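A closer look at the structure
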Amino acid sequence: MVFVEGVRTPFGKAGDKGQYAQTRADDLVVKVIRELLRRRPELPPERIDDVAVAATMQTGDQGLTIGRTAALLAGLPRSVPGFAIDRMCAGAMTAVTTVASGIAAGAYDAAIAGGVEHMGHHPIGEGADPNPRFVADRLVDPSALNMGATAENLHDRWPGLTRERADAYAVVSQERYAKALANGHITADLVPVATRSAELGWGLATADELPRPGTTADALAGLRTPFRPHGRVTAGNASGLTDGATGCLLVAADVAREYGLPVRMRMVTFAFAGVEPETMGTGPIPSTEKALAKAGLTIDDIGLIEINEAFAVQVLAFIEHFGLADEDERVNPWGGAIAMGHPLASSGIRLMTQLAREFAEHPQVRYGLTTMCVGLGMGGTVIWENPHWQDTTDRSDTDGSAA
């Protein structure tokens, strides 16, 4: 299975003052699907076998089997089916792995996978009714149901993951994003979205709203800790509440050859794993270990890592486990969710789209991975191969002569 194209809307601030306050969630998905079709006119729309779209809050304008409704609204042939997926933050990632499995099984030739979250219309947990037995039977600690509290738990479990380290990591994320934006690495993935507000009338969303260029560690040190008095998790070292949608086109390798479609990445394998819900941020560690074992690789074989920055401490836990440096240039080289936002179910494909662009910039890198933590104690990882890879290994023999 190959990754042909990935796009996303600009990410907006959730809430009444965000750029998508009066934009429907399903319309964000429609923009993404139409842009995929526009960018890849070589592929007849009727060759698309399915549309999988993820949303965490499957209600209102991001409910009603959104994969099917968005496909119809986007103008795909009525013969193209669709469905909805929920694995919380890893929704879009699961949409990709689900349709990739269908392609591998021969059930699909081509499919669209996507994700959307309008956190302004549907705050996290809206309408949820957790079974009281979770707490009454002590299946989980109450903190497991609050993502910010789980991040504070990570700081507790690993005292070396200090607030100062988390703030320093957040500053690097902002700096890397700003540099990538200035170098033209971000805008190529963005789909402009027409917006409307009662105060300003019609507008056009062309850029992410959340980045805070010029962020300093001193400024972050003064922020309050909303999840615990004298805690360590702040709005500055965590991803913001965000609205946005992502999507990608996945096809079988022979279909890519048939239509002359570009191959931006090849999927190697994927894995999901469960962890203690109270420390859900550790999820990417076992899922990555599991995926690496399946692929017969080690972390040293991975040249680029796109990890979702739900919280800085969660990234630091991953980095520390695998023996990487806090500012390792392989990890989120163009910044991450702390800078640009995390619209829950859509973020997995944002990671993939960004990795595909980075692969093209780094032909010396053969393997990369996308990984993220997931609410209620899970992690997901997908390993990808760079089709642009050029083997530059020194093949000199032991006496120094050319092999």
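The structure displayed is predicted, hence computed values, not measured ones. (Residues numbered from 1 in each chain as written. Predicted model: local features only at pLDDT ≥ 70, side-chain atom pairs only at ≥ 80, totals over all residues. Heavy atoms only, no water.)

For any two helices packed against each other, one specifies the crossing angle of their axes together with the interaxial distance. In contact at an axis separation of 9 Å, helix 9 (residues 284–295) and helix 10 (residues 312–321) are set at 40° when each is read in the N-to-C sense. Judged on the interaxial angle alone, helix 10 and helix 9 are oblique. Contacts between helix 9 and helix 10 pair P284, I285, T288 and E289 from the former with A317, F318 and H321 from the latter. Along the lines of polarity and charge, the residues of the contact of helix 9 with helix 10 split into four nonpolar, two polar and one charged. (Axes fitted to C-alpha atoms, helices over the stretch in contact; angles between N-to-C directions. Helix = DSSP H or I, 4+ residues; strand = E, 2+ residues; numbered from the N terminus. Parallel < 35°, antiparallel > 145°, perpendicular 65-115°, else oblique. Contact = heavy atoms within 4.5 Å. Nonpolar A, V, L, I, M, F, W, Y, C, P; charged D, E, K, R; others polar.)

A cluster of nonpolar side chains, contributed by F134, V135, L139, L145 and L376, occupies part of the molecular surface with about 410 Å² of accessible area. Secondary-structure assignment places L145 in the loop between helix 4 (133–136) and helix 5 (147–157). (Patch = residues over 30% accessible without salt bridge, like charges linked within 9 Å, V, L, I, M, F, W, Y side chains within 5 Å. Areas by Shrake-Rupley, 256 points an atom, 1.4 Å probe, with all protein chains shown as cover. Salt bridge = Lys/Arg side-chain N within 4 Å of Asp/Glu carboxyl O.)

With respect to the helices, strands and loops of the structure, M1 is situated in the segment before strand 1 (2–8). Sequence separation between M1 and N386 is 385 residues, and the spatial gap between their C-alpha atoms is 13 Å.

Moving on: the pattern of salt bridges. According to the stated counting rule, one finds 22 salt bridges in the structure shown. The shortest N-O distance in the salt bridge between E258 and R47 comes to 3.6 Å. Placement of the pair is E258 in helix 8 (residues 253–259) and R47 in the loop between helix 1 (25–39) and strand 3 (50–54), with a sequence separation of 211 residues. Here E258 falls in the exposed class, since its relative accessible area comes to 51%. Note that R163 and D167 form a salt bridge whose closest N and O atoms lie 3.4 Å from each other. Of this pair, R163 and D167 both sit in helix 6 (residues 163–182), four residues apart, roughly one helical turn. Across the pair, D167 and R163 agree in class, each one buried. Via salt bridges that share partners, E5, E35, R38, R39, R40, E42 and R264 belong to a single interconnected network. (Buried < 20%, exposed > 50% of the residue type's maximum accessible area, 1.4 Å probe, protein only.)

We now examine the packing of helix 6 against helix 10. Running from amino to carboxyl end, helix 6 crosses helix 10 at an angle of 100°, the nearest separation of the two axes being 9 Å. On the basis of their axis angle, the class for helix 6 and helix 10 is roughly perpendicular. In this structure, helix 6 uses R165, A166 and Y169 to contact helix 10, whose residues at the interface are A312, V315, L316, I319 and E320. Tallied by class, the residues present in the contact of helix 6 with helix 10 amount to six nonpolar, no polar and two charged.

For the rest of this paragraph, the subject is the UniProt feature "domain: Thiolase C-terminal" (unreviewed entry) in the protein chain. Those places that UniProt annotates as "domain: Thiolase C-terminal" (unreviewed entry) correspond, in this numbering, to residues 264–385. For residues 264–385, the end-to-end C-alpha separation is 9 Å, with 34% helix and 26% strand making up the annotated structure. (UniProt positions renumbered as here; feature names shortened; annotations may be inferred.)

Further remarks concern the side chain of S347. Structurally, S347 is set in helix 12 (residues 347–361). With residues up to four places along the chain from it excluded, the contact list for S347 reads N308, H342 and M372.

Within the secondary structure layout, S143 lies in the loop between helix 4 and helix 5. With relative accessibility at 14%, the residue S143 sits in the buried group. Within the local environment of S143, its side chain forms a polar contact with the side chain of D141, the two groups lying 2.7 Å apart. Here N153 takes part through its side chain, which lies 2.9 Å from a polar atom of the side chain of S143. Residues within four places of S143 in sequence aside, it is in contact with A149, T150, N153 and E278. (Polar contact = N/O pair within 3.5 Å; in protein donor to acceptor, adjacent residues only side chain to side chain.)

Attention now goes to the nonpolar core. Judged by nonpolar contacts, the single largest core of 71 residues is most densely connected at V51, V96, V116, V251, M352 and W384. Those residues in contact with V51 that lie beyond four places of it in its chain are I33, G67, A71, L76, V80, P81, G82, F83 and I112. In terms of nonpolar packing, the next biggest core, distinct from the first, is built from 38 residues, V171, A271, L324 and I383 among them. (Core = buried A, V, L, I, M, F, W, Y, C linked by side-chain atoms within 4.5 Å.)

Next up on the list: the environment of L139. Structurally, L139 can be placed in the loop between helix 4 and helix 5. Note on L139: relative accessible area 52%, which makes it exposed. Separated by 221 residues in the primary sequence, L139 and A360 have C-alpha atoms spaced 46 Å apart. Contact partners of L139, with chain neighbours within four places excluded, come to R133 and F134.

Attention now moves to the confidence of the model for the protein chain. Taken over all residues, the pLDDT of the protein chain has a mean of 95, while the share at 70 or more is 97%. Note on residues 395–403: pLDDT is under 50 here. Beyond four places in sequence and across chains, it has four contacts. (pLDDT = per-residue confidence, 0-100.)

This paragraph deals with unusual backbone geometry. Unusually for a residue other than glycine, H230 sits at a positive phi of about 60°. Tracing the sequence through the fold places H230 in the loop between helix 7 (217–221) and strand 8 (242–251).

Summarizing the sequence annotation, UniProt attributes the feature "domain: Thiolase N-terminal" (unreviewed entry) to residues 2–253 in the numbering used throughout. Regarding residues 2–253, the helix share stands at 31% and the strand share at 19%, and the terminal C-alpha atoms are separated by 6 Å.

An α-helix turns once every 3.6 residues. As a result, residues three or four positions apart point the same way. In a regular helix each residue adds 1.5 Å, so 14 residues correspond to 20 Å; helix 3 (residues 91–104) covers 20 Å between its end C-alpha atoms and thus fits that length. The element helix 3 is extensively covered by neighbouring structure, given that 11 of its 14 residues are classed as buried. Listing the buried residues of helix 3 in full gives G91, A92, M93, T94, A95, V96, T97, V99, A100, G102 and I103. Looking at the residues trailing helix 3, positive phi occurs at G106, about 85°. (Expected span 1.5 Å × (residues − 1).)

Bridging between strand 1 and strand 9 (residues 265–274) involves two bridges; their strand directions are antiparallel. In the strand pairing of strand 9, F3 is matched with M265. Relative to strand 12 (residues 378–385), strand 9 runs antiparallel, the two sharing eight bridges. Across the sheet, the residue bridging to R266 is E385, located in strand 12. (Pairing = 2+ DSSP bridges.)

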